[in-house]
Amino acid sequence: GQLKDKKGIAASYNNIGGIYAQQGNYPEALQNYFASLQIKKETGDKKERPVIAGVFYNRMKIKMRLQSDPTTIYGKFEDYHGNLTRKDLLTPSAYNTYTIPSLPVGPISNPGIEAIRAVLNPAFHKYLYFVSQNDGTHIFSESYESHSQAVIKWQKNAKNREGRSWRDNANK
């Protein structure tokens, strides 16, 4: 039969993803699709999508967890209140790519053509990390040390977020 509602469609994708996740073996097309969903949610800047695709490619190449905030947020769904905490990042779920060693079990959005193109044509570089500058763009780093410095500057320093972050503007 045909699926008539969005919940049914999402459930069917989740079942497909769940089967492959259990086997630890996604077909390449499904890997590309799921990765493109993450890329779309990671940045609004079309020019950054191939760079972020390259980050995920580099992480998968060395068997590093994908550590994608949008998938973790999706897994929290109604329990998400605008800010991820360390506890959130450490709480296992089928979508928390900080705790699972693979792609999430299902899609988190519709990818859009730019995100699909980015996955199929990632930028080649040595970046493993990126952090938001709170304006839709990111700082990219090759080392965890550099990344940690960028997190302190752009996320932990309220002055650098003031007036730029959707978090600061949401309560006005």
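This one's a predicted model, so the numbers in the text were calculated from it and none came from an experiment. (Residues numbered from 1 in each chain as written. Predicted model: local features only at pLDDT ≥ 70, side-chain atom pairs only at ≥ 80, totals over all residues. Heavy atoms only, no water.)

Q: Any chance you could explain the overall build of the chain here in plain terms?
A: Counting secondary structure elements, the chain contains nine helices and two strands. Starting at the N terminus and ending at the C terminus, the chain contains elements arranged as α-α-α-α-α-α-β-β-α-α-α. Across the 172 residues in the chain, those meeting the buried criterion constitute 38%. Taking contacts inside the chain between residues at least 6 apart in sequence as the whole, the part at least 24 apart equals 59%. (Helix = DSSP H or I, 4+ residues; strand = E, 2+ residues; numbered from the N terminus. Buried < 20%, exposed > 50% of the residue type's maximum accessible area, 1.4 Å probe, protein only. Contact = heavy atoms within 4.5 Å.)

Q: Help me out: how do you make sense of the packing of aromatic side chains in this one?
A: Each pair of aromatic rings is reported with the distance of its centres and the angle of its planes. Within the structure shown, the criterion is met by six aromatic pairs. On the basis of an interplanar angle of 65° and a centroid distance of 5.7 Å, the ring pair of Tyr129 and Tyr144 is categorised as edge-to-face. One end of the pair, Tyr129, is in strand S1 (residues 129-132); the other, Tyr144, is in helix H7 (residues 144-156), with 15 residues separating them in the sequence. Looking at Tyr129, the relative accessible area reads 12%, which means it is buried. Relative to Phe140, the ring of Phe130 lies with its centre 5.8 Å away and its plane at 40°, an arrangement referred to as tilted. Of the two residues, Phe130 sits in strand S1 while Phe140 sits in strand S2 (residues 138-141), which places them ten residues apart along the sequence. There is no split in this pair, since Phe130 and Phe140 are both buried. (Phe/Tyr/Trp six-rings, centres within 6.5 Å; stacked < 30°, edge-to-face > 60°.)

Q: What's the story with the environment of Gly54 in this structure? I'm lost.
A: Structurally, the position occupied by Gly54 is in helix H3 (residues 49-61). Relative accessible area serves as the criterion here: at 0%, Gly54 is assigned to the buried category. Through-space distance from the C-alpha of Gly54 to that of Val119 is 7.9 Å; in sequence the pair is 65 residues apart. Leaving out residues up to four positions away in the same chain, Gly54 has contacts with Pro122, Ala123 and His125.

Q: Hey, could you run me through the pairing of S2 in this one?
A: As a general feature of sheets, a regular strand has side chains that alternate between the two faces. Summarising the sheet, S1 and S2 pair through four bridges and their orientation is antiparallel. Residue pairing in the sheet places Val131 in a bridge with Ile139 of S2. Hairpin connection between S1 and S2: a loop of five residues separates the two successive antiparallel strands, and Asn134 in this loop has a positive phi of roughly 70°. (Pairing = 2+ DSSP bridges.)

Q: Help me understand the pattern of salt bridges, please; the structure alone is not making it clear to me.
A: Side chains bearing opposite charge may pair, as long as their charged atoms lie close to each other. Under the counting rule described, the total for this entry stands at three salt bridges. Note that Glu114 is salt-bridged to Arg49, the shortest N-O span being 3.7 Å. Residue Glu114 is located in helix H6 (residues 113-120), and its partner Arg49 is located in helix H3; the two are separated by 65 residues in the primary sequence. What makes Glu114 partly exposed here is its relative accessible area of 30%. (Salt bridge = Lys/Arg side-chain N within 4 Å of Asp/Glu carboxyl O.)

Q: What exactly am I supposed to notice about the nonpolar core here?
A: Nonpolar side chains in soluble globular proteins tend to end up buried together. Counting residues in hydrophobic clusters, the biggest one holds 14 residues, and the most contacted among them are Ile39, Ile52, Phe56, Phe130 and Phe140. Counting only elements with at least two residues in this core, the list comes to helix H2 (28-42), H3 and H6. The biggest single contributor to this core is H3, with five residues. Not counting residues up to four positions away in its chain, the partners in contact with Phe56 are Gln38, Ile39, Glu42, Leu66, Ser68 and Phe130. (Core = buried A, V, L, I, M, F, W, Y, C linked by side-chain atoms within 4.5 Å.)

Q: Explain a nonpolar patch on the surface to me, please; I cannot follow it from the model alone.
A: A contiguous nonpolar surface patch, about 260 Å² in accessible area, is contributed by Ile113, Ile116 and Leu120. Mapped onto the elements, Ile113 comes out in helix H6. (Patch = residues over 30% accessible without salt bridge, like charges linked within 9 Å, V, L, I, M, F, W, Y side chains within 5 Å. Areas by Shrake-Rupley, 256 points an atom, 1.4 Å probe, with all protein chains shown as cover.)

Q: How do you make sense of the side chain of Glu42 when you look at a structure like this?
A: Mapped onto the elements of the fold, Glu42 is located in helix H2. Buried and without a salt bridge, Glu42 has Arg59 as its closest oppositely charged side chain, separated by 6.3 Å. Not counting residues within four places of it along the chain, the set of residues in contact with Glu42 comprises Ile52, Phe56, Ser68, Asp69, Pro70, Phe130 and His138. (Lys, Arg positive; Asp, Glu negative; His and termini not counted.)

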